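Listed below are the residues making up each chain.
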Amino acid sequence: MLSKILDRFGLGIALALEAIIFAVLSPYFFTTDNLLNVSLQISITAIIAVGMTFVILTAGIDLSVGSLVAVVGVVSTILLKADFPFVLSLLLSLVAGIALGTFSGSVAGAFITRFNISPFIVTLALMTIWRGAAFVVTEGRPVWDLPEAFSLLGGGRTLGVPNPTIIMAVVFVLAHVVLNRTRFGRYVYAIGGNAEAARLAGINTRRVVTQVYMISGSLSALSGILLASRMNSGQPNSGLMYELDVIAAVVVGGTSLFGGRGSVAGTFLGSMLIGVLRNGLNLLNVGSYVQQVVVGVVILLAVLLDQWRKK
Amino acid sequence: MLDPPRTMSLILEMQQMTKRYPGVLALDRVDFSLSAGEVHALAGENGAGKSTLMKILAGAIQKDGGEILLDGQRTKIDSPHSSLKNGIGMIYQDFKLVPELTVAENISLGNEPAHRGFIDFPQMQNTARSILEQLGENIDPSVTVKTLSVAQRQIVEIAKALSRKVRILALDEPTASLTEQEIQNLFGVIRKLKSDGVGIIYISHRLDELFEIADLITVLRDGTVVGTSSLHETNKAKLIQAMVGRSLEEEYPKIQLQRQNELLSVEDLNTPKLKDVSMTLYRGEILGLAGLVGAGRTELARAIFGADRVHSGTMWLLQKAFTPRSPKDAIAAGIGLLTEDRNLQGLILQMTLSENISLASLQRLTQGLFIDRTKEKAAAGEFMRKLQIKAPSAETVVDTLSGGNRQKVILGRWLMTKSKVLIFDEPTVGIDVGVKYEIYNLINQLAKDGVGIMVISSDLPELLGICDRIAVLCDGRMTGTLSRKEATQEKILRLATEFS
Ligand SMILES: Nc1ncnc2c1ncn2[C@@H]1O[C@H](COP(=O)(O)OP(=O)(O)OP(=O)(O)O)[C@@H](O)[C@H]1O
Ligand SMILES: [Mg+2]
């Protein structure tokens, strides 16, 4: 009985425990303001983590996400400054940014499925390429002086809720529906479980895998745009090490690096667990060096809990 | 059945063995014993608990209750390591080979010959070669296991167990994918071990085999012992009765059908393995494909299914040219292939039973954007009943199913596709007698509905029993086709060895 409860809600319980501890230690923790703040803080990486969940479910990995955030951020902000009416240049920068991310994913997918190169290598290469490109196009300088209105996208609120939080919620719900209710979602799990068996069951495994990297690329691009908007600038060094934060959230959320097992609901809890921890430690004025150590320990504990529940 | 007197000394006693899984009592106070130099068979329906009992002995899983005595001494076996240390060897039903390692490396895995801490590779090769020779096989010890066929992997698995000095050897369905010749080689080895005083536990669903090799038989049903008897004192009918709880009048039900129009034809097909193969399949026909291991039966099936590249040749499906470039194309055109290797090429182990069954039919089960899960579950449930799949529910993860029940899940997947042509590569591997009969009936029914069926099987009596025609391959070439009336074991074997 106990194991059944842990099995279903293990991560949720861990999250609740964490929240209770911080609520006791800091009166400010359980205020609406602070909780919305947490959701805003995790939104950028959590959106990327959704794409990463798709990738990891197919037993792949995408290391290019952090660099994509940067390159899409600078490219979109440069386009935003083009000499068009604001709405037009906004549209152009959004479309081009997302298209760049999707394109990067399709390149990764092509190399992985056509030439049988491991996802790790392909996306590692893309990671360096895009990081380099971000510095090349900006000559290493941030893109400043953006139209005021642009910052509303990532910095504004709708009905009191931060816009990135709303976008994150939409992305999670959509992804959950796609994974659980559509054929595409089923195929993602099947390929991660046993790619050859999936192919022999008539699944176009190359196409599905490629689409998965395109999803990851486009969601990274979306995050890149949101981040640029929040900072109201395009920074070539933004998104550094995001790939690690994102992978941590996915794995803590119970998705297996070997593929075939996991969910975006888990990824949400994983992102929250880490986000709440960071927030709580901030409220308690724990220094950032110590924070890193604590976050690492909690990641280990969470994964341990996950192993233990599988027994 | 009564307990026969045992004159020889008992080397193994398993008393009151109990094993519980969520939702099933896999073993319920099972007693089992073994003497030196004895072959003791274990039989029973799929999911009866045979493999579970052996896995406990091998230390692969832990028992929930009971005692294990070796030579009368209570012994704790809590890991594969301690089982090996006690001289127990195990050949698992679902192989435990490392695909990326070579044959020789697999055979000596965990037991590598070493010299001053360095692996002695020449010695390793020699050991492997000599054991494979004993088994009458010429498999190259230096190739990686992933390049081998299922039958060859089975041989390697057997060689691995034989490479260690064992007092007790358990074989869990070692012959499921082997042909007659290889089975005889294996039996030769078993007889030799037996005369050396090794105690052997032998699990198989091929009952004829048990009468040939075993001294004693214990029948399990639903995790309990039905009885133990000497093979001399029983017969096939009694065994079936004990296993499935009812009697079967005939082993191979067969209905005579009028042959209909041409469905699939293959002309001069060439692949790396096949040479100028031509054949025709008619609607409502059951065509058998016979041949020795490595004759190219699986390759022919995979070529028709678009799973492998084809060098040259033409195929016609209902008079229209047919060139599948992927399994997806073939399935869309109405062709299904049940692969011989259920674990590597068939099942998605971490998915549920119903997800596995529906995997090739999702197109039909999709409403707009979404999978109609109610319809999916209902359809999967139907096959679960028809094939008598033993599992707590359609939501059970297939990882936890017994070997035979896994096979039934794959079978269900292809029965669900409503294909025009169904190719079954070893469909009844590891399936118990009672359900085999049901499967033959299902195949008959499909033929009656106008489906063209090709069956590949290493079990010749099965082919003779259910097929309308039997095509024989030898060394990648088609050496002849026999009608049901003409076909005999001898004629098939002659065609199957025409070039050797
Ligand atoms: N890991 C597991 N988790 C849950 N149930 C299991 C697990 N392994 C086996 N079982 C269940 O235990 C029962 C006995 O399985 P076992 O593999 O011993 O059957 P078997 O007699 O070897 O059958 P077969 O002839 O099909 O190989 C089955 O009902 C099976 O579903
Ligand atoms: Mg078994």
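Data block above holds the structure.
About the thresholds
- Residues numbered from 1 in each chain as written.
- Chains lettered and ligands numbered in written order.
- Predicted model: local features only at pLDDT ≥ 70, side-chain atom pairs only at ≥ 80, totals over all residues.
- Heavy atoms only, no water.
- Pairing = 2+ DSSP bridges.
- Helix = DSSP H or I, 4+ residues; strand = E, 2+ residues; numbered from the N terminus.
- Salt bridge = Lys/Arg side-chain N within 4 Å of Asp/Glu carboxyl O.
- Buried < 20%, exposed > 50% of the residue type's maximum accessible area, 1.4 Å probe, protein only.
- 1 Å grid on protein atoms, 1.4 Å probe; cavity = no way out; pocket = protein on both sides within 12 Å on 5 of 7 lines; lining within 4 Å.
- Points joined across faces, edges and corners; volume = space filled by probe spheres on them.
- Nonpolar A, V, L, I, M, F, W, Y, C, P; charged D, E, K, R; others polar.
- Contact = heavy atoms within 4.5 Å.
- Axes fitted to C-alpha atoms, helices over the stretch in contact; angles between N-to-C directions.
- Phe/Tyr/Trp six-rings, centres within 6.5 Å; stacked < 30°, edge-to-face > 60°.
- Disulfide = S-S within 2.5 Å.

Caption draft 1: Up close: the pairing of strand E12 (residues 224-230) of chain B. Residue and element names in this part refer to chain B. Pairing between strand E11 (residues 216-221) and E12: six bridges, direction antiparallel. In the sheet register, Ile 217 faces E12, and the bridge partner there is Ser 229. Taking the residues between adjacent antiparallel strands as the criterion, E11 and E12 are bridged by two residues, where Asp 222 takes a positive phi near 50°.

Caption draft 2: Main features of the pattern of salt bridges. Considering all chains together, one arrives at 24 salt bridges over all chains under this definition. For Arg 186 of chain A, the salt bridge is made with Glu 355 of chain B, and the minimal N-O distance between the two is 3.8 Å. Of this pair, Arg 186 of chain A sits in helix H8 (residues 183-193) while Glu 355 of chain B sits in helix H12 (residues 353-358), placing the two residues on different chains. Overall, Arg 186 of chain A belongs to the buried group, its relative accessible area being 6%. A salt bridge links Glu 196 of chain A to Arg 199 of chain A, with the nearest nitrogen and oxygen atoms 3.4 Å apart. Of this pair, Glu 196 of chain A and Arg 199 of chain A both sit in helix H9 (residues 195-200), three residues apart, roughly one helical turn. It is possible to trace a salt-bridge network through shared partners that takes in Glu 196 and Arg 199 of chain A together with Arg 302 and Asp 308 of chain B.

Caption draft 3: Empty space enclosed by the protein, seen in detail. Residue and element names in this part refer to chain B. The full count for this structure, using the stated rule, is three cavities of 30 Å³ or more. Each pocket or cavity is described by its volume, and for the largest cavity that value is around 130 Å³. Lining the largest cavity are 15 residues, with Ala 176, Arg 206, Thr 428, Val 429 and Gly 430 positioned closest to its centre. In terms of residue class, the lining of the largest cavity is built from three nonpolar, six polar and six charged.

Caption draft 4: Quick look at the sheet that holds strand E5 (residues 73-74) of chain B. Residues and elements named next belong to chain B. Ordered in space as E2-E1-E4-E5, the four strands form an open sheet in which the pairing is antiparallel. Whereas interior strands pair on both sides, the edge strands pair on one side only; in this sheet they are strand E2 (24-35) and E5. Here strand E1 (residues 10-21) runs beside strand E4 (residues 65-70); their pairing, made up of five bridges, is antiparallel. For Met 14, the partnering residue across the bridge sits in E4 and is Ile 68. Against the sheet, helix H1 (residues 50-57) makes contact with E1, E2 and E4, and its axis sits at roughly 115° relative to E1, the strand it touches most.

Caption draft 5: The packing of aromatic side chains, seen in detail. Considering all chains together, one arrives at eight aromatic pairs over all chains under this definition. Ring centres of Phe 29 of chain A and Phe 30 of chain A lie 5.5 Å apart, and the angle between their planes is 80°; on these two criteria the pair is classed as edge-to-face. When its relative accessible area of 51% is taken as the criterion, Phe 30 of chain A is described as exposed. Consider the rings of Phe 305 of chain B and Trp 414 of chain B, whose centres lie 5.9 Å apart with planes at 85°: the pair is edge-to-face. Taken as a pair, Phe 305 of chain B in the loop between helix H9 (297-304) and strand E16 (312-317) and Trp 414 of chain B in helix H15 (residues 403-416) lie far apart in primary sequence, 109 residues in all. An aromatic cluster of at least three residues, connected via ring pairs, comprises Phe 22, Phe 29 and Phe 30 of chain A.

Caption draft 6: The state of the cysteines, seen in detail. All names here are of chain B. Enumeration according to the criterion identifies zero disulfides over all chains in this entry. Sulfur of Cys 467: no disulfide; nearest cysteine sulfur belongs to Cys 474 and is 19 Å away. When its relative accessible area of 4% is taken as the criterion, Cys 474 is described as buried.

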